[in-house]
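So you can see what is in the structure, the chains are spelled out below.
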There are 2 protein chains.
Amino acid sequence: MLGITILGNNSAIPAFGRHPTAQIVTVADELFLVDCGEGTQMRMSTFRVRQSRITHILISHLHGDHFYGLTGLINTMNLLNREQELHIHGPAPVESVINMHLALANTQLRFTIHYHTNPAEGGIIHQGAQVQISCFPVTHRIPCWGYRFDARTGRRKLLVEKAKSLGIPAEFYKKLVQGHDYENPATGACIRNEWVTEPGPVPPSYAFCADTLFNPAIAGYLQGVHTIYHESTFLESEADKAAIRFHSTARQAALLAKIAGVKCLLLGHFSSRYETLEPFLEEATPIFPNTLLAWEGTTFLVRPTAVSKPA
Amino acid sequence: MLGITILGNNSAIPAFGRHPTAQIVTVADELFLVDCGEGTQMRMSTFRVRQSRITHILISHLHGDHFYGLTGLINTMNLLNREQELHIHGPAPVESVINMHLALANTQLRFTIHYHTNPAEGGIIHQGAQVQISCFPVTHRIPCWGYRFDARTGRRKLLVEKAKSLGIPAEFYKKLVQGHDYENPATGACIRNEWVTEPGPVPPSYAFCADTLFNPAIAGYLQGVHTIYHESTFLESEADKAAIRFHSTARQAALLAKIAGVKCLLLGHFSSRYETLEPFLEEATPIFPNTLLAWEGTTFLVRPTAVSKPA
C-alpha cells in the first residue's frame, strides 16, 4: 500500500484556507516528504504526521511555495532532538541555502543531512527495501523535477498444489514467494520458480508531476504508474496565462493522464484566483473520468493491483 | 492611538495552535510588521491584516522563527502587484538572503525594497510623520535588536480664553495646537505658544524587546514607554535553561517592566513545552500587576495618556 497525504494544494499565494505545496508519500513505515512550502511543519502538526518518520525530502524546484518551509522544518527536527540521518533530494542549491540559514542562526545540527542533486535528465535517486524513487525533468520556468515512486512488494503468488506435486518441502515456500528457484538437494534437479508461482499483484506506484507546462513527453516517464498528481493551476479559460507562466490547465492535466495511461489523476496547485474547485473536476473528467481533487488533509491510497490472467 | 496585533506568540517550535513570532504595529493608517516567522502571511490572512498597508518590516534577528516567513511574504506582495516601496530593517544579511532567494526563483520584483542595517549600538531608524522608530541591542545568542515606537501626535492643548484675551484670531488656533508662536502682523509682537497652550496628551509608545536574556540595562532604552512586549520563553522553574539559551522567564520579564517603569507588559514567545499559559501570568503579576498574555489574534491598543497637572 502507498499513501499520498496532501498538506498543501495551492499555488504561490495561500488563499481560501489552501496552502503551498507539500505532500507526504507513505510506503510501509517510511515517510517521504515531497516539496515543503511555507508552513509545512504546521500542516504536519495539524494532520498528525509524525515528522520523525520522514527519511527523505524531495524538492521539485526552488520557487518559494515549494521549499520555503524546509529550513524551518529542519530546525524543528533539530530542536526535537532528531538523530536519524535525513536525505534531501532536489536542485543543487538546496544545500547552500540550508547551510547559509544554519550559519546565520549559529545552529549546529545534531543529525546528518545527505544532499543529493537531481541529475538534469532524471533517473533513479533512491533504491530502498520498500520503494524505488526516480526523478524526471518537467518543463517549468526554472529547473524542476517530478518524482516517481514504485513500491516493491515483489512477492509472487504460490501455486501450492503444483509445489506439493513437485515435492518442494513446505519450509521452502517462503523462498518461492520471494522468487527463488528450488534445487533438490538429493538429485540436484532444479525446479524453476515460474513453474510453481505466478506473478503477484502489481505493487502500487505514484508520480508527483510538480509544476509544469503541459508537455506530453512527460508521459514517457509515467509508464505503468497507477496514480499521478498533476498541477492544474488554471482552468482552460486561462490557458494563455498557464502557458506564459509555465503552468497547466485542468484539461491539460487530464490529457496528460490519458496519454500516460494512468489509472487515477489527482489535481492540485490551484491558483488563488479560484475560490471553488469543482470547475476543475468538471473540466477534467470528460477527458479523464477518474480524476480527484487533491483536498488538503486527505490521504489517497494506492493498492497493489491484481494481474489479470489471460483468458 | 497605537495598536499591536499579535500574529504569533510562540518560540521556535510551533505548538498548541501557537505560531512563531510576528506582530503588526499600527500607527494611524500605517502598518509596521515586527518579525516575520514562518507562516506570517497566512496569519495575516487569518486576521484580515491588509499587507498592502505595510510600509516597514523590522526583523529582530536571524533565527528562523523570526524571519523564515519574510521571503514568502515578499513574493506574495509581488504576485499581488505591489508597486509601493518597502523598507526592511534588521541585521545586514537580510538583504543577501532575500536576493539569493529571488535569484534562485528567477523572480524580478515589481517594487523597490530599501534595506536598512541596524546600527550595532541602536538608534533612530525611522522618522515618520506619525511615528519615530528606534532600535536597541538586546542580549541574545546572535546579534538581536528590539524596536521602540514613539507615536507623534504632538498636538498641544489650546487654552481658548487666554488666546482670545491676547487677541489671536481664531483662524490661527490650528497653528497654535501644532506648536507655533503667534506674531501680531500689525505690531510685530510675539505671543509665545506656551502662554496660550499647555502640553497635549502624551503620545502612545510601545517597545518590542525581542529575544533576550534578562538584562536590566535594556530598561535604559525603555524610558517613558507605555507598553512593552517582553519574551518569557520559560517559567522561573526553568531559569537555568533560559540563561543557557539566552532567553527570559516570566518573572524576569516582569522585573524588567518594573525596572523600566512602563505601564503595561505583554508576555510572549512561549516555549512549546507549555500547553497552558496561565502560569506565566501567575508568575509575573505579583511583580508587575499590569501584565497581559499576548494572545494571537488580539490587538492591544495604547492610547495617548493625559498629562497630570501639578496640584
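Calculation rules
Residues numbered from 1 in each chain as written. Chains lettered and ligands numbered in written order. Predicted model: local features only at pLDDT ≥ 70, side-chain atom pairs only at ≥ 80, totals over all residues. Helix = DSSP H or I, 4+ residues; strand = E, 2+ residues; numbered from the N terminus. Buried ≥ 20, exposed ≤ 12 C-beta atoms within 10 Å, placed from the backbone. Contact = placed C-beta atoms within 7 Å. Domains from an automatic or database assignment. pLDDT = per-residue confidence, 0-100. Least-squares fit on C-alpha atoms with pLDDT ≥ 70 in both. Pairing = 2+ DSSP bridges. Axes fitted to C-alpha atoms, helices over the stretch in contact; angles between N-to-C directions. Nonpolar A, V, L, I, M, F, W, Y, C, P; charged D, E, K, R; others polar.

Moving on, we come to the overall build of chain A. Scanning chain A from N- to C-terminus turns up 10 helices and 18 strands. Judged by the C-alpha coordinates and their principal axes, chain A covers about 70 × 50 × 35 Å. By residue count, 47% of the 311 residues in chain A fall in the buried class. Long-range contacts, defined as pairs at least 24 residues apart, comprise 64% of the intrachain contacts of chain A with a sequence gap of at least 6.

Splitting chain A by domain gives domain 1 (2-153 + 205-302) and domain 2 (157-198). A straight line from the C-alpha centre of domain 1 of chain A to that of domain 2 of chain A covers 42 Å.

What follows is about the confidence of the model for chain A. This prediction gives chain A a mean pLDDT of 95; 98% of its residues lie at or above 70. Listed scores for the predicted complex are pTM 0.87 and ipTM 0.83.

So, about the environment of Arg156 of chain B. In this fold, Arg156 of chain B is placed in the loop between strand S9 (145-151) and strand S10 (157-158). Setting aside residues up to four positions removed in sequence, Arg156 of chain B forms contacts with Val177, Gly179, Asn193, Thr197, Glu198, Pro199 and Gly200 of chain B.

A few words now on the relation of the copies chain B and chain A. By a simple turn and slide, chain B fits onto chain A: the slide is 0.0 Å along the axis, the RMSD is 0.1 Å, and the turn is 180 degrees. What the rotation and shift describe, once combined, is the action of a two-fold rotation axis. Residues of chain B ranked by C-alpha distance from the rotation axis are headed by Gly39 of chain B, positioned 2.6 Å from it.

Moving on, we get to the sheet that holds strand S1 (residues 2-8) of chain A. All names here are of chain A. The strand order across the open sheet built from 7 strands is S6-S5-S4-S3-S2-S1-S18, with neighbouring strands paired in mixed fashion. Because the sheet does not close on itself, it has two edges, and the strands there are strand S6 (113-117) and strand S18 (299-302). Averaged over all adjacent pairs, the angle separating strand axes in this sheet is 20 degrees, with direction ignored. Looking at chain direction, strand S2 (residues 22-27) and strand S3 (residues 30-36) are connected through 6 bridges and run antiparallel. Note that in S3 the partner of Val25 across the bridge is Phe32.

By secondary structure assignment, the location of Arg48 of chain B is in the loop between helix H1 (40-46) and strand S4 (54-58). Residues Arg48 of chain B and Gly297 of chain B lie 249 residues apart in sequence; the distance between their C-alpha atoms is 9.8 Å.

Residue and element names in this part refer to chain A. Counting buried positions along strand S8 (residues 131-137) gives 6 out of 7 residues, so the element sits mostly inside the fold. Pairing of strand S7 (residues 123-127) with S8, which is carried by 4 bridges, proceeds in the antiparallel orientation. By the bridge assignment, Gln127 is partnered in S8 with Gln132. Taking the residues that link successive antiparallel strands as the turn, the S7-S8 hairpin has 3 residues.

Attention shifts here to the interface of chain B and chain A. Listed as interface residues are 26 residues of chain B and, on the opposing side, 25 residues of chain A. At 5 residues, the largest contribution of residues to the side of chain B that touches chain A is made by helix H3 (residues 70-79) of chain B. Its residues placed into classes, the side of chain B that touches chain A shows 12 nonpolar, 12 polar and 2 charged.

With that settled, the discussion passes to the environment of Gly123 of chain B. All names here are of chain B. Structurally, the position occupied by Gly123 is in strand S7 (residues 123-127). For Gly123 and Phe136, which are 13 residues apart along the polypeptide, the C-alpha to C-alpha distance reads 6.5 Å. Setting aside its immediate chain neighbours within four residues, Gly123 contacts Ser134 and Cys135.

We now examine the sheet that holds strand S1 (residues 2-8) of chain B. All names here are of chain B. Across the sheet, 7 strands lie side by side as S6-S5-S4-S3-S2-S1-S18; this open sheet has mixed pairing. Edge positions in the sheet fall to strand S6 (113-117) and strand S18 (299-302), since each of these pairs with one other strand and no more. Adjacent strand axes in the sheet meet at a mean angle of 20 degrees, parallel and antiparallel pairs treated alike. Two elements, S1 and S18, share 4 bridges in a ladder whose sense is antiparallel. Bridge pairing in S18 links Ile4 to Phe300.

The phi dihedral of Arg48 of chain A is positive, around 55 degrees, even though this residue is not glycine. In the Ramachandran plot, Ala210 of chain B falls in the positive-phi region, its phi being about 60 degrees despite a non-glycine side chain. Following the sequence through the fold, Ala210 of chain B ends up in the loop between strand S14 (205-208) and strand S15 (227-231).

On a regular strand, each side chain points to the face opposite its neighbour's, so the side chains alternate between the two faces of the sheet. All names here are of chain B. Within S15, 5 of the 5 residues are buried, which leaves the element mostly enclosed by the surrounding structure. Both faces of S15 are covered, namely the face carrying Thr227, Tyr229 and Glu231 and the face carrying Ile228 and His230. Where S14 lies against S15, 3 bridges are found, and the strand directions are parallel. From the neighbouring strand, Ala207 faces S15, where its bridge partner is Ile228. As paired strands, S15 and strand S16 (residues 264-268) are joined by 5 bridges and run parallel to one another. Within the sheet, the bridge partner assigned to Ile228 lies in S16 and is Leu265.

Here we come to H3 of chain B. Three- or four-residue spacings in an α-helix give side chains the same orientation, since the helix completes a turn every 3.6 residues. Taken across its 10 residues, H3 of chain B has 8 buried, putting it largely inside the fold. All buried positions along H3 of chain B are accounted for by Leu70, Thr71, Gly72, Leu73, Ile74, Asn75, Thr76 and Met77 of chain B. The inward-facing, buried residues of H3 of chain B abut helix H2 (64-67) of chain A together with strand S3 (30-36), H1, S4, helix H2 (64-67) and helix H4 (94-104) of chain B. Where H3 of chain B terminates, the next one or two residues include Asn81 of chain B, which has phi positive at roughly 65 degrees.

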